[in-house]
Number of protein chains: 2
Amino acid sequence: MVTAKQERLSEIVGVALRLAEDGGLAAVSLRAIAAEVGLTPMALYGYVRGKDDLLDRLVARLLSEVAAPDPALDWRDRLLACARAARGMAHRYPRTFPLLLTRPAVLPDAVRVVDPLYAALLDAGVPQEDVPGLERMFSTFVLGFAVSEVGGRFGTGGLDPAERRAGVDPADVPAHRRLGEVLDRPVDWDAEFEEGLRRLLGVVERAAHRE
Amino acid sequence: MVTAKQERLSEIVGVALRLAEDGGLAAVSLRAIAAEVGLTPMALYGYVRGKDDLLDRLVARLLSEVAAPDPALDWRDRLLACARAARGMAHRYPRTFPLLLTRPAVLPDAVRVVDPLYAALLDAGVPQEDVPGLERMFSTFVLGFAVSEVGGRFGTGGLDPAERRAGVDPADVPAHRRLGEVLDRPVDWDAEFEEGLRRLLGVVERAAHRE
DNA sequence: ACCTGAACACCGTTCAAGT
DNA sequence: ACCTGAACACCGTTCAAGT
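Read on for a plain summary of the structure.

Calculation notes
- Residues numbered from 1 in each chain as written.
- Chains lettered and ligands numbered in written order.
- Predicted model: local features only at pLDDT ≥ 70, side-chain atom pairs only at ≥ 80, totals over all residues.
- Heavy atoms only, no water.
- Helix = DSSP H or I, 4+ residues; strand = E, 2+ residues; numbered from the N terminus.
- Rg over C-alpha atoms; globule rule 2.2 N^0.38 Å.
- Buried < 20%, exposed > 50% of the residue type's maximum accessible area, 1.4 Å probe, protein only.
- Contact = heavy atoms within 4.5 Å.
- Areas by Shrake-Rupley, 256 points an atom, 1.4 Å probe, with all protein chains shown as cover.
- Lys, Arg positive; Asp, Glu negative; His and termini not counted.
- Charge placed at Lys NZ, Arg CZ, Asp CG, Glu CD.
- Near = heavy atom within 4 Å.
- Polar contact = N/O pair within 3.5 Å; in protein donor to acceptor, adjacent residues only side chain to side chain.
- Nonpolar A, V, L, I, M, F, W, Y, C, P; charged D, E, K, R; others polar.
- Axes fitted to C-alpha atoms, helices over the stretch in contact; angles between N-to-C directions.
- Parallel < 35°, antiparallel > 145°, perpendicular 65-115°, else oblique.
- Buried area = accessible area lost by both parts, 1.4 Å probe.
- Salt bridge = Lys/Arg side-chain N within 4 Å of Asp/Glu carboxyl O.
- Least-squares fit on C-alpha atoms with pLDDT ≥ 70 in both.
- Left-handed = near helix turned anticlockwise from the far one by under 90°.
- Phe/Tyr/Trp six-rings, centres within 6.5 Å; stacked < 30°, edge-to-face > 60°.
- Lys NZ or Arg CZ within 6 Å of the ring centre and 35° of its normal.

### Regarding the overall build of chain A
Turning to step 1, where the next piece is worked out: Along its length, chain A carries 10 helices and 0 strands.
Turning to step 2, where the next piece is worked out: Against the compact-globule benchmark of 17 Å for 211 residues, chain A has a radius of gyration of 21 Å, which places it well outside the compact range.
Turning to step 3, where the next piece is worked out: Across its three principal axes, chain A shows a C-alpha extent of roughly 60 × 50 × 25 Å.
Turning to step 4, where the next piece is worked out: Taking all 211 residues of chain A together, the buried fraction comes to 48%.
Turning to step 5, where the next piece is worked out: In chain A, of all internal contacts separated by at least 6 residues, the share reaching a separation of at least 24 is 69%.
Turning to step 6, where the next piece is worked out: When the accessible surface of chain A is totalled, it reaches about 9900 Å², and 52% of it is carbon and sulfur.
Turning to step 7, where the next piece is worked out: Averaged over its 27 positive side-chain charges, chain A has a centre that lies 4 Å from the centre of its 32 negative ones.

### Here we look at the protein's contact with DNA strand C
Turning to step 1, where the next piece is worked out: Among the 16 residues in the neighbourhood of DNA strand C, the closest are listed as Arg8(A), Thr40(A), Tyr47(A), Ser29(B) and Arg31(B).
Turning to step 2, where the next piece is worked out: A share of 53% of the atoms of DNA strand C within 4 Å of the protein falls on sugar and phosphate groups.
Turning to step 3, where the next piece is worked out: A distance of 3.0 Å is found between a phosphate oxygen of DNA strand C and a backbone nitrogen or oxygen belonging to Leu30(B).
Turning to step 4, where the next piece is worked out: Within the contact set of DNA strand C, a phosphate oxygen lies 2.9 Å away from a backbone nitrogen or oxygen of Lys51(B).
Turning to step 5, where the next piece is worked out: For the surface near DNA strand C, the secondary-structure elements that each account for two or more residues are helix 1 (4-23) of chain A together with helix 2 (30-37) of chain B.
Turning to step 6, where the next piece is worked out: In the surface near DNA strand C, the residues fall into 8 nonpolar, 3 polar and 5 charged.

### Overview of the packing of helix 7 (residues 131-151) of chain A against helix 7 (residues 131-151) of chain B
Turning to step 1, where the next piece is worked out: Put simply, helix 7 of chain A and helix 7 of chain B touch, their axes get as near as 8 Å, and they point 105 degrees apart. With respect to helix 7 of chain B, the element helix 7 of chain A is oriented roughly perpendicular. Where helix 7 of chain A approaches helix 7 of chain B, its residues Met137(A), Thr140(A), Phe141(A), Gly144(A), Phe145(A) and Ser148(A) are matched on the opposing element by Met137(B), Thr140(B), Phe141(B), Gly144(B), Phe145(B) and Ser148(B).

### Structural notes on the protein's contact with DNA strand D
Turning to step 1, where the next piece is worked out: For DNA strand D, the set of nearby residues contains 16 residues, the closest of which are Arg31(A), Tyr45(A), Arg8(B), Thr40(B) and Tyr47(B).
Turning to step 2, where the next piece is worked out: Take the atoms of DNA strand D that sit within 4 Å of the protein: sugar and phosphate atoms are 57% of them.
Turning to step 3, where the next piece is worked out: Taking Leu30(A), its main chain carries an N or O atom lying 3.0 Å from a phosphate oxygen of DNA strand D.
Turning to step 4, where the next piece is worked out: One nitrogen or oxygen atom from the main chain of Lys51(A) is found 3.0 Å from a phosphate oxygen belonging to DNA strand D.
Turning to step 5, where the next piece is worked out: Breaking the surface near DNA strand D down by element, the ones donating at least two residues are helix 2 (30-37) of chain A together with helix 1 (4-23) of chain B.
Turning to step 6, where the next piece is worked out: Here the residues of the surface near DNA strand D are counted per class, giving 8 nonpolar, 3 polar and 5 charged.

### Things to note about the interface of chain A and chain B
Turning to step 1, where the next piece is worked out: Listed by partner, the interface residues are 64 residues for chain A and 64 residues for chain B.
Turning to step 2, where the next piece is worked out: When the area that chain A buries against chain B is broken down by residue, the three leading residues are Arg136(A), Arg153(A) and Arg199(A), summing to 14%.
Turning to step 3, where the next piece is worked out: The interface formed by chain A and chain B holds 4 salt bridges in total.
Turning to step 4, where the next piece is worked out: Between Glu192(A) and Arg136(B) there is a salt bridge, and its shortest N-O distance comes to 2.7 Å.
Turning to step 5, where the next piece is worked out: One can count 10 residue pairs in polar contact (both at pLDDT 80 or more) joining chain A with chain B.
Turning to step 6, where the next piece is worked out: The class makeup of the residues in the side of chain A that touches chain B is 33 nonpolar, 13 polar and 18 charged.

### Describing the pattern of salt bridges
All names here are of chain A.
Turning to step 1, where the next piece is worked out: For the structure shown, the criterion picks out 30 salt bridges over all chains.
Turning to step 2, where the next piece is worked out: In this structure, Glu-194 engages Arg-84 in a salt bridge whose closest nitrogen and oxygen atoms are separated by 2.8 Å. Linking Glu-194 in helix 10 (residues 189-208) with Arg-84 in helix 4 (residues 75-92), this pair joins segments that are 110 residues apart in sequence.
Turning to step 3, where the next piece is worked out: Relative accessible area serves as the criterion here: at 30%, Glu-194 is assigned to the partly exposed category.
Turning to step 4, where the next piece is worked out: Of the residues examined, Arg-84 reaches a relative accessible area of 41% and is grouped as partly exposed.
Turning to step 5, where the next piece is worked out: Among the ionic contacts, a cluster of salt bridges with common partners joins Arg-49, Asp-53 and Arg-57.

### Details of the relation of the copies chain A and chain B
Turning to step 1, where the next piece is worked out: Superposition of chain A onto chain B requires a rotation of 180 degrees combined with a translation of 0.0 Å along the rotation axis, giving an RMSD of 0.0 Å. In short, the pair behaves as if placed about a two-fold rotation axis.
Turning to step 2, where the next piece is worked out: The overlap is high: 100% of the interface residues of chain A also sit at the interface in chain B, so the same surface is used on both sides.

### Observations concerning the packing of helix 6 (residues 109-124) of chain A against helix 7 of chain A
Residue and element names in this part refer to chain A.
Turning to step 1, where the next piece is worked out: Their axes nearest at 10 Å, the elements helix 6 and helix 7 cross at an angle of 120 degrees. Taken together, the axes of helix 6 and helix 7 are oblique relative to one another. The handedness of the crossing between helix 6 and helix 7 is right-handed. When helix 6 is examined against helix 7, the residues Val-114, Leu-117, Tyr-118, Leu-121 and Leu-122 are found in contact with a partner set consisting of Val-131, Pro-132, Leu-134, Glu-135 and Phe-138.

### Looking at the side chain of Glu192(A)
Turning to step 1, where the next piece is worked out: If you trace the backbone, Glu192(A) turns up in helix 10.
Turning to step 2, where the next piece is worked out: Side chain to side chain, Glu192(A) and Arg136(B) meet in a polar contact 2.7 Å long.
Turning to step 3, where the next piece is worked out: Once residues lying within four places of it in the same chain are set aside, the contact partners of Glu192(A) are Phe145(A), Val187(A), Gly133(B) and Arg136(B).

### Comments concerning the packing of aromatic side chains
Turning to step 1, where the next piece is worked out: Counting across every chain of the model gives 12 aromatic pairs over all chains.
Turning to step 2, where the next piece is worked out: Ring geometry for Phe145(B) and Phe193(B): centres 5.2 Å apart, planes at 45 degrees, overall tilted. Separated by 48 residues along the polypeptide, Phe145(B) in helix 7 and Phe193(B) in helix 10 (residues 189-208) bring together distant segments of the chain.
Turning to step 3, where the next piece is worked out: Over the ring of Tyr47(A) we find Lys5(A), and its NZ or CZ is 5.6 Å from the ring centre.

Structure representation (C-alpha coordinates):
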(Lines give C-alpha, C1' and ligand atoms only; values in the text may rest on other atoms or scores of the structure.)
Protein backbone atom coordinates (compact mmCIF):
# COMPACT_ATOMS: atom_id res chain seq x y z
CA MET A 1 0.00 0.00 0.00
CA VAL A 2 1.30 3.40 -0.96
CA THR A 3 0.54 6.14 1.53
CA ALA A 4 -0.07 9.76 0.62
CA LYS A 5 3.15 10.59 2.44
CA GLN A 6 5.18 8.20 0.27
CA GLU A 7 3.62 9.64 -2.83
CA ARG A 8 4.47 13.19 -1.84
CA LEU A 9 8.04 12.14 -0.99
CA SER A 10 8.36 10.52 -4.38
CA GLU A 11 7.10 13.73 -5.98
CA ILE A 12 9.67 15.74 -4.02
CA VAL A 13 12.53 13.52 -5.19
CA GLY A 14 11.21 13.67 -8.75
CA VAL A 15 11.16 17.46 -8.67
CA ALA A 16 14.71 17.47 -7.26
CA LEU A 17 15.84 15.23 -10.12
CA ARG A 18 14.24 17.52 -12.69
CA LEU A 19 15.72 20.63 -11.12
CA ALA A 20 19.17 19.01 -11.14
CA GLU A 21 18.95 18.09 -14.81
CA ASP A 22 17.52 21.46 -15.81
CA GLY A 23 19.86 23.68 -13.87
CA GLY A 24 22.63 21.53 -12.40
CA LEU A 25 23.02 20.26 -8.86
CA ALA A 26 23.40 23.82 -7.62
CA ALA A 27 19.80 24.45 -8.66
CA VAL A 28 18.56 21.76 -6.28
CA SER A 29 17.44 23.74 -3.26
CA LEU A 30 14.83 22.94 -0.67
CA ARG A 31 13.28 26.32 -1.36
CA ALA A 32 12.98 25.72 -5.10
CA ILE A 33 11.53 22.24 -4.55
CA ALA A 34 9.03 23.61 -2.04
CA ALA A 35 7.86 26.26 -4.50
CA GLU A 36 7.47 23.59 -7.18
CA VAL A 37 5.36 21.23 -5.06
CA GLY A 38 3.34 24.04 -3.48
CA LEU A 39 4.65 23.93 0.07
CA THR A 40 6.75 26.16 2.24
CA PRO A 41 10.42 25.12 2.52
CA MET A 42 9.87 24.06 6.14
CA ALA A 43 7.13 21.61 5.24
CA LEU A 44 9.74 19.51 3.38
CA TYR A 45 11.29 18.61 6.70
CA GLY A 46 8.27 16.43 7.27
CA TYR A 47 9.44 14.23 4.38
CA VAL A 48 13.19 14.59 4.44
CA ARG A 49 15.72 15.02 7.24
CA GLY A 50 17.50 17.81 5.40
CA LYS A 51 19.36 18.46 2.18
CA ASP A 52 21.88 15.63 2.62
CA ASP A 53 19.06 13.17 3.12
CA LEU A 54 17.38 14.51 -0.01
CA LEU A 55 20.55 13.93 -2.07
CA ASP A 56 20.80 10.38 -0.70
CA ARG A 57 17.24 9.78 -1.87
CA LEU A 58 18.18 11.17 -5.26
CA VAL A 59 20.96 8.59 -5.49
CA ALA A 60 18.54 5.88 -4.39
CA ARG A 61 16.11 6.96 -7.11
CA LEU A 62 18.80 6.61 -9.78
CA LEU A 63 19.88 3.21 -8.47
CA SER A 64 16.26 2.03 -8.46
CA GLU A 65 16.14 2.64 -12.22
CA VAL A 66 19.00 0.22 -12.92
CA ALA A 67 17.37 -2.97 -14.19
CA ALA A 68 18.95 -6.29 -13.27
CA PRO A 69 20.41 -8.14 -16.28
CA ASP A 70 18.63 -11.16 -17.76
CA PRO A 71 19.95 -14.13 -15.71
CA ALA A 72 19.71 -16.35 -18.77
CA LEU A 73 22.58 -14.48 -20.37
CA ASP A 74 26.23 -15.53 -20.39
CA TRP A 75 28.23 -13.94 -17.52
CA ARG A 76 30.01 -11.77 -20.08
CA ASP A 77 26.77 -10.39 -21.45
CA ARG A 78 25.46 -9.77 -17.96
CA LEU A 79 28.52 -7.68 -17.09
CA LEU A 80 28.19 -5.81 -20.38
CA ALA A 81 24.48 -5.19 -19.81
CA CYS A 82 25.13 -3.72 -16.35
CA ALA A 83 27.91 -1.52 -17.65
CA ARG A 84 25.87 -0.23 -20.58
CA ALA A 85 22.87 0.39 -18.33
CA ALA A 86 24.99 2.47 -15.97
CA ARG A 87 26.50 4.50 -18.80
CA GLY A 88 23.05 4.95 -20.33
CA MET A 89 21.83 6.39 -17.07
CA ALA A 90 24.74 8.82 -17.07
CA HIS A 91 23.56 10.04 -20.46
CA ARG A 92 19.97 10.31 -19.26
CA TYR A 93 20.87 12.11 -16.01
CA PRO A 94 24.26 13.67 -16.73
CA ARG A 95 24.11 16.27 -13.99
CA THR A 96 22.85 13.99 -11.21
CA PHE A 97 24.93 10.94 -12.10
CA PRO A 98 28.22 12.15 -10.56
CA LEU A 99 26.60 11.81 -7.12
CA LEU A 100 26.97 8.04 -7.52
CA LEU A 101 30.74 8.31 -7.39
CA THR A 102 31.01 10.84 -4.60
CA ARG A 103 28.38 9.60 -2.17
CA PRO A 104 28.66 6.35 -0.22
CA ALA A 105 27.34 3.32 -2.09
CA VAL A 106 24.79 3.15 0.63
CA LEU A 107 22.33 0.43 1.33
CA PRO A 108 20.17 -1.27 0.37
CA ASP A 109 19.80 0.10 -3.16
CA ALA A 110 23.48 -0.23 -4.01
CA VAL A 111 23.61 -3.78 -2.67
CA ARG A 112 20.81 -4.80 -5.03
CA VAL A 113 22.63 -3.29 -8.03
CA VAL A 114 25.95 -4.93 -7.15
CA ASP A 115 24.53 -8.40 -6.63
CA PRO A 116 24.26 -9.33 -10.34
CA LEU A 117 27.87 -8.24 -10.79
CA TYR A 118 29.00 -10.55 -7.99
CA ALA A 119 26.94 -13.33 -9.56
CA ALA A 120 28.50 -12.81 -12.98
CA LEU A 121 32.04 -12.81 -11.58
CA LEU A 122 31.35 -15.98 -9.59
CA ASP A 123 29.89 -17.64 -12.68
CA ALA A 124 32.98 -16.61 -14.61
CA GLY A 125 35.01 -18.70 -12.19
CA VAL A 126 36.65 -15.88 -10.25
CA PRO A 127 37.79 -17.13 -6.82
CA GLN A 128 35.46 -15.92 -4.07
CA GLU A 129 38.07 -13.78 -2.33
CA ASP A 130 38.81 -11.88 -5.55
CA VAL A 131 35.20 -11.09 -6.39
CA PRO A 132 34.62 -7.94 -4.31
CA GLY A 133 37.87 -6.31 -5.45
CA LEU A 134 37.27 -7.16 -9.08
CA GLU A 135 33.74 -5.79 -8.84
CA ARG A 136 35.15 -2.53 -7.43
CA MET A 137 37.63 -2.35 -10.31
CA PHE A 138 34.90 -2.96 -12.86
CA SER A 139 32.41 -0.48 -11.40
CA THR A 140 35.15 2.09 -10.85
CA PHE A 141 35.92 1.98 -14.56
CA VAL A 142 32.26 2.14 -15.57
CA LEU A 143 31.32 4.95 -13.17
CA GLY A 144 34.58 6.83 -13.69
CA PHE A 145 34.33 6.66 -17.46
CA ALA A 146 30.70 7.75 -17.49
CA VAL A 147 31.31 10.61 -15.05
CA SER A 148 34.36 11.79 -16.98
CA GLU A 149 32.40 11.65 -20.21
CA VAL A 150 29.29 13.54 -19.10
CA GLY A 151 31.13 15.73 -16.59
CA GLY A 152 33.48 17.02 -19.22
CA ARG A 153 36.80 15.68 -17.93
CA PHE A 154 37.29 13.94 -21.27
CA GLY A 155 36.18 17.09 -23.07
CA THR A 156 38.26 19.92 -24.39
CA GLY A 157 36.64 22.69 -22.38
CA GLY A 158 35.22 24.04 -25.62
CA LEU A 159 38.62 24.52 -27.21
CA ASP A 160 40.14 23.24 -30.44
CA PRO A 161 42.70 20.49 -29.98
CA ALA A 162 45.20 22.96 -31.41
CA GLU A 163 44.52 25.83 -29.01
CA ARG A 164 44.37 23.28 -26.22
CA ARG A 165 48.13 22.98 -26.42
CA ALA A 166 48.69 26.67 -27.13
CA GLY A 167 49.57 27.59 -23.54
CA VAL A 168 52.13 24.81 -23.24
CA ASP A 169 55.75 24.82 -24.35
CA PRO A 170 56.07 21.81 -26.72
CA ALA A 171 59.42 21.04 -25.13
CA ASP A 172 57.58 20.35 -21.87
CA VAL A 173 55.32 17.74 -23.46
CA PRO A 174 57.49 15.57 -25.74
CA ALA A 175 55.05 12.67 -25.83
CA HIS A 176 52.30 14.93 -27.13
CA ARG A 177 54.69 15.84 -29.94
CA ARG A 178 55.40 12.18 -30.63
CA LEU A 179 51.67 11.50 -30.90
CA GLY A 180 51.11 14.43 -33.22
CA GLU A 181 47.88 14.39 -35.20
CA VAL A 182 46.58 11.31 -33.38
CA LEU A 183 45.59 13.68 -30.57
CA ASP A 184 43.52 15.80 -32.95
CA ARG A 185 41.31 12.95 -34.17
CA PRO A 186 37.70 12.95 -32.99
CA VAL A 187 36.94 10.23 -30.44
CA ASP A 188 34.18 7.62 -30.77
CA TRP A 189 33.21 7.38 -27.11
CA ASP A 190 30.88 4.42 -27.62
CA ALA A 191 33.71 2.47 -29.20
CA GLU A 192 36.21 3.49 -26.54
CA PHE A 193 33.85 2.41 -23.75
CA GLU A 194 33.25 -0.95 -25.43
CA GLU A 195 36.99 -1.41 -25.92
CA GLY A 196 37.53 -0.73 -22.22
CA LEU A 197 34.90 -3.31 -21.33
CA ARG A 198 36.49 -5.84 -23.68
CA ARG A 199 39.82 -5.32 -21.93
CA LEU A 200 38.21 -5.70 -18.52
CA LEU A 201 36.50 -8.93 -19.54
CA GLY A 202 40.01 -10.13 -20.35
CA VAL A 203 41.08 -9.16 -16.84
CA VAL A 204 38.16 -11.13 -15.40
CA GLU A 205 39.02 -14.18 -17.46
CA ARG A 206 42.60 -14.13 -16.30
CA ALA A 207 41.48 -13.71 -12.69
CA ALA A 208 39.24 -16.75 -13.19
CA HIS A 209 42.25 -18.78 -14.36
CA ARG A 210 44.39 -17.49 -11.49
CA GLU A 211 46.97 -15.77 -13.70
CA MET B 1 59.67 37.59 -11.50
CA VAL B 2 56.82 37.11 -9.10
CA THR B 3 54.53 40.12 -8.75
CA ALA B 4 52.69 41.05 -5.57
CA LYS B 5 49.48 40.23 -7.38
CA GLN B 6 50.63 36.69 -8.18
CA GLU B 7 51.68 36.21 -4.59
CA ARG B 8 48.31 37.33 -3.29
CA LEU B 9 46.52 35.08 -5.77
CA SER B 10 48.63 32.17 -4.62
CA GLU B 11 47.73 33.00 -1.02
CA ILE B 12 44.04 33.09 -1.96
CA VAL B 13 44.20 29.65 -3.58
CA GLY B 14 46.15 28.33 -0.61
CA VAL B 15 43.51 29.56 1.80
CA ALA B 16 40.79 28.01 -0.37
CA LEU B 17 42.64 24.68 -0.27
CA ARG B 18 42.94 24.83 3.50
CA LEU B 19 39.28 25.76 3.94
CA ALA B 20 38.26 22.85 1.70
CA GLU B 21 40.32 20.34 3.67
CA ASP B 22 39.22 21.72 7.03
CA GLY B 23 35.52 22.03 6.34
CA GLY B 24 34.76 20.40 3.00
CA LEU B 25 34.19 22.02 -0.38
CA ALA B 26 31.02 23.64 0.96
CA ALA B 27 33.20 25.68 3.32
CA VAL B 28 35.04 27.27 0.39
CA SER B 29 33.30 30.61 0.00
CA LEU B 30 34.61 33.86 -1.37
CA ARG B 31 33.46 35.53 1.80
CA ALA B 32 35.35 33.14 4.07
CA ILE B 33 38.50 33.45 1.96
CA ALA B 34 38.25 37.23 2.00
CA ALA B 35 37.96 37.28 5.78
CA GLU B 36 41.01 35.02 6.02
CA VAL B 37 43.27 37.14 3.78
CA GLY B 38 42.00 40.43 5.21
CA LEU B 39 40.04 41.76 2.26
CA THR B 40 36.39 42.40 1.51
CA PRO B 41 34.74 39.69 -0.60
CA MET B 42 34.57 42.05 -3.59
CA ALA B 43 38.31 42.66 -3.58
CA LEU B 44 38.79 38.99 -4.57
CA TYR B 45 37.30 39.77 -7.96
CA GLY B 46 40.53 41.59 -8.70
CA TYR B 47 42.32 38.23 -8.55
CA VAL B 48 39.72 35.75 -9.65
CA ARG B 49 36.87 35.92 -12.16
CA GLY B 50 34.42 34.34 -9.73
CA LYS B 51 33.91 31.16 -7.78
CA ASP B 52 34.19 28.83 -10.76
CA ASP B 53 37.49 30.36 -11.72
CA LEU B 54 38.68 29.91 -8.15
CA LEU B 55 37.82 26.20 -8.23
CA ASP B 56 39.68 25.83 -11.52
CA ARG B 57 42.73 27.37 -9.89
CA LEU B 58 42.33 24.94 -7.01
CA VAL B 59 42.48 22.06 -9.50
CA ALA B 60 45.52 23.64 -11.15
CA ARG B 61 47.22 23.90 -7.77
CA LEU B 62 46.70 20.20 -7.11
CA LEU B 63 47.94 19.25 -10.57
CA SER B 64 51.04 21.42 -10.09
CA GLU B 65 51.98 19.26 -7.12
CA VAL B 66 52.13 16.07 -9.19
CA ALA B 67 55.81 15.39 -9.83
CA ALA B 68 56.81 13.88 -13.17
CA PRO B 69 58.23 10.34 -12.85
CA ASP B 70 61.97 9.70 -13.19
CA PRO B 71 62.49 9.21 -16.96
CA ALA B 72 65.26 6.71 -16.25
CA LEU B 73 62.70 4.24 -14.95
CA ASP B 74 61.17 1.37 -16.87
CA TRP B 75 57.80 2.31 -18.48
CA ARG B 76 56.05 0.09 -15.96
CA ASP B 77 57.59 1.86 -13.00
CA ARG B 78 56.79 5.24 -14.53
CA LEU B 79 53.09 4.31 -14.81
CA LEU B 80 53.13 2.98 -11.26
CA ALA B 81 54.85 6.13 -9.97
CA CYS B 82 52.21 8.37 -11.57
CA ALA B 83 49.37 6.26 -10.22
CA ARG B 84 50.76 6.19 -6.70
CA ALA B 85 51.45 9.92 -6.78
CA ALA B 86 47.84 10.59 -7.76
CA ARG B 87 46.46 8.33 -5.05
CA GLY B 88 48.85 9.88 -2.52
CA MET B 89 47.46 13.30 -3.39
CA ALA B 90 43.95 12.00 -2.80
CA HIS B 91 45.02 11.00 0.69
CA ARG B 92 46.66 14.37 1.29
CA TYR B 93 43.71 16.38 -0.07
CA PRO B 94 40.75 14.04 0.29
CA ARG B 95 38.07 16.71 0.15
CA THR B 96 39.49 18.70 -2.76
CA PHE B 97 40.63 15.74 -4.86
CA PRO B 98 37.18 14.81 -6.27
CA LEU B 99 37.24 18.06 -8.26
CA LEU B 100 39.79 16.40 -10.55
CA LEU B 101 37.20 13.94 -11.78
CA THR B 102 34.29 16.35 -12.14
CA ARG B 103 35.98 19.38 -13.65
CA PRO B 104 37.42 19.46 -17.18
CA ALA B 105 40.99 18.22 -17.41
CA VAL B 106 41.80 21.72 -18.50
CA LEU B 107 45.00 23.04 -19.87
CA PRO B 108 47.87 23.42 -19.58
CA ASP B 109 48.34 21.81 -16.16
CA ALA B 110 46.54 18.60 -17.07
CA VAL B 111 48.49 18.28 -20.32
CA ARG B 112 51.76 18.39 -18.42
CA VAL B 113 50.61 15.64 -16.05
CA VAL B 114 49.35 13.40 -18.86
CA ASP B 115 52.50 13.66 -20.98
CA PRO B 116 54.59 11.16 -18.98
CA LEU B 117 51.71 8.68 -19.22
CA TYR B 118 51.64 9.01 -23.01
CA ALA B 119 55.42 8.58 -23.04
CA ALA B 120 55.26 5.43 -20.92
CA LEU B 121 52.55 3.87 -23.10
CA LEU B 122 54.51 4.66 -26.27
CA ASP B 123 57.66 3.18 -24.74
CA ALA B 124 55.66 0.08 -23.83
CA GLY B 125 55.00 -0.39 -27.53
CA VAL B 126 51.33 0.59 -27.58
CA PRO B 127 50.29 1.64 -31.12
CA GLN B 128 49.97 5.42 -31.38
CA GLU B 129 46.24 5.37 -32.08
CA ASP B 130 45.55 3.34 -28.93
CA VAL B 131 47.57 5.55 -26.58
CA PRO B 132 45.01 8.28 -25.75
CA GLY B 133 42.23 5.77 -25.07
CA LEU B 134 44.46 3.57 -22.94
CA GLU B 135 45.64 6.61 -20.99
CA ARG B 136 42.00 7.52 -20.31
CA MET B 137 41.30 3.99 -19.11
CA PHE B 138 44.34 4.05 -16.82
CA SER B 139 43.66 7.49 -15.34
CA THR B 140 39.96 6.72 -14.99
CA PHE B 141 40.84 3.74 -12.82
CA VAL B 142 43.37 5.69 -10.77
CA LEU B 143 41.18 8.74 -10.23
CA GLY B 144 38.00 6.72 -9.81
CA PHE B 145 39.58 4.39 -7.27
CA ALA B 146 41.10 7.24 -5.29
CA VAL B 147 37.89 9.26 -5.30
CA SER B 148 35.83 6.25 -4.27
CA GLU B 149 38.28 5.48 -1.49
CA VAL B 150 38.53 8.94 0.05
CA GLY B 151 34.97 9.94 -0.83
CA GLY B 152 33.53 6.98 0.97
CA ARG B 153 31.93 5.11 -1.93
CA PHE B 154 33.98 2.06 -0.98
CA GLY B 155 33.10 2.60 2.67
CA THR B 156 30.29 1.16 4.68
CA GLY B 157 28.65 4.43 5.71
CA GLY B 158 29.73 3.74 9.26
CA LEU B 159 27.81 0.47 9.47
CA ASP B 160 28.86 -3.06 10.34
CA PRO B 161 29.05 -5.43 7.37
CA ALA B 162 26.21 -7.30 9.07
CA GLU B 163 23.81 -4.39 9.53
CA ARG B 164 24.77 -3.27 6.03
CA ARG B 165 22.65 -6.08 4.65
CA ALA B 166 19.96 -5.80 7.31
CA GLY B 167 17.55 -3.80 5.16
CA VAL B 168 17.77 -6.24 2.25
CA ASP B 169 15.88 -9.47 1.77
CA PRO B 170 18.59 -12.15 1.31
CA ALA B 171 16.47 -13.68 -1.43
CA ASP B 172 16.98 -10.50 -3.45
CA VAL B 173 20.76 -10.75 -3.30
CA PRO B 174 21.70 -14.40 -3.89
CA ALA B 175 25.29 -13.65 -4.89
CA HIS B 176 25.89 -11.89 -1.58
CA ARG B 177 24.74 -15.11 0.07
CA ARG B 178 27.07 -17.17 -2.10
CA LEU B 179 29.99 -14.95 -1.05
CA GLY B 180 29.11 -15.18 2.62
CA GLU B 181 31.83 -14.23 5.05
CA VAL B 182 34.17 -13.08 2.27
CA LEU B 183 32.16 -9.84 2.27
CA ASP B 184 32.81 -9.29 5.97
CA ARG B 185 36.60 -9.42 5.71
CA PRO B 186 38.47 -6.12 6.16
CA VAL B 187 39.97 -4.77 2.94
CA ASP B 188 43.62 -3.85 2.42
CA TRP B 189 43.14 -0.85 0.12
CA ASP B 190 46.83 -0.47 -0.65
CA ALA B 191 46.97 -4.07 -1.82
CA GLU B 192 43.78 -3.76 -3.83
CA PHE B 193 45.03 -0.64 -5.60
CA GLU B 194 48.32 -2.34 -6.45
CA GLU B 195 46.47 -5.41 -7.69
CA GLY B 196 44.36 -3.17 -9.95
CA LEU B 197 47.51 -1.55 -11.31
CA ARG B 198 49.09 -4.95 -11.91
CA ARG B 199 46.03 -5.98 -13.91
CA LEU B 200 46.12 -2.75 -15.91
CA LEU B 201 49.80 -3.23 -16.73
CA GLY B 202 48.73 -6.55 -18.18
CA VAL B 203 46.15 -4.73 -20.30
CA VAL B 204 48.87 -2.35 -21.53
CA GLU B 205 51.16 -5.25 -22.41
CA ARG B 206 48.47 -6.95 -24.42
CA ALA B 207 47.63 -3.70 -26.20
CA ALA B 208 51.33 -3.41 -27.06
CA HIS B 209 51.25 -6.89 -28.59
CA ARG B 210 48.02 -6.13 -30.46
CA GLU B 211 45.95 -8.85 -28.75
C1' DA C 1 -0.44 15.29 12.07
C1' DC C 2 0.86 18.56 9.05
C1' DC C 3 1.97 22.96 7.86
C1' DT C 4 3.27 28.17 8.22
C1' DG C 5 5.94 32.69 9.31
C1' DA C 6 9.55 34.96 11.01
C1' DA C 7 14.19 34.88 11.92
C1' DC C 8 19.29 33.61 11.82
C1' DA C 9 23.43 33.11 9.73
C1' DC C 10 25.00 32.44 5.62
C1' DC C 11 25.90 32.56 -0.04
C1' DG C 12 27.78 34.80 -5.14
C1' DT C 13 27.64 38.79 -7.65
C1' DT C 14 26.60 43.71 -9.37
C1' DC C 15 27.18 48.46 -9.08
C1' DA C 16 28.54 52.82 -7.70
C1' DA C 17 31.77 55.01 -4.97
C1' DG C 18 36.11 55.93 -2.78
C1' DT C 19 41.49 56.73 -2.68
C1' DA D 1 45.08 50.42 -9.76
C1' DC D 2 43.05 48.58 -6.01
C1' DC D 3 39.70 48.38 -2.73
C1' DT D 4 35.11 49.30 -0.07
C1' DG D 5 29.91 49.53 1.20
C1' DA D 6 25.47 48.79 0.25
C1' DA D 7 22.33 46.12 -2.00
C1' DC D 8 20.06 42.13 -4.51
C1' DA D 9 18.54 37.71 -4.84
C1' DC D 10 19.42 33.75 -3.02
C1' DC D 11 20.74 29.53 0.60
C1' DG D 12 19.74 25.58 4.85
C1' DT D 13 17.89 25.29 9.18
C1' DT D 14 15.69 26.42 13.88
C1' DC D 15 11.93 27.65 16.56
C1' DA D 16 7.53 28.91 17.97
C1' DA D 17 3.06 29.09 16.41
C1' DG D 18 -1.04 27.78 13.95
C1' DT D 19 -5.04 24.39 12.53
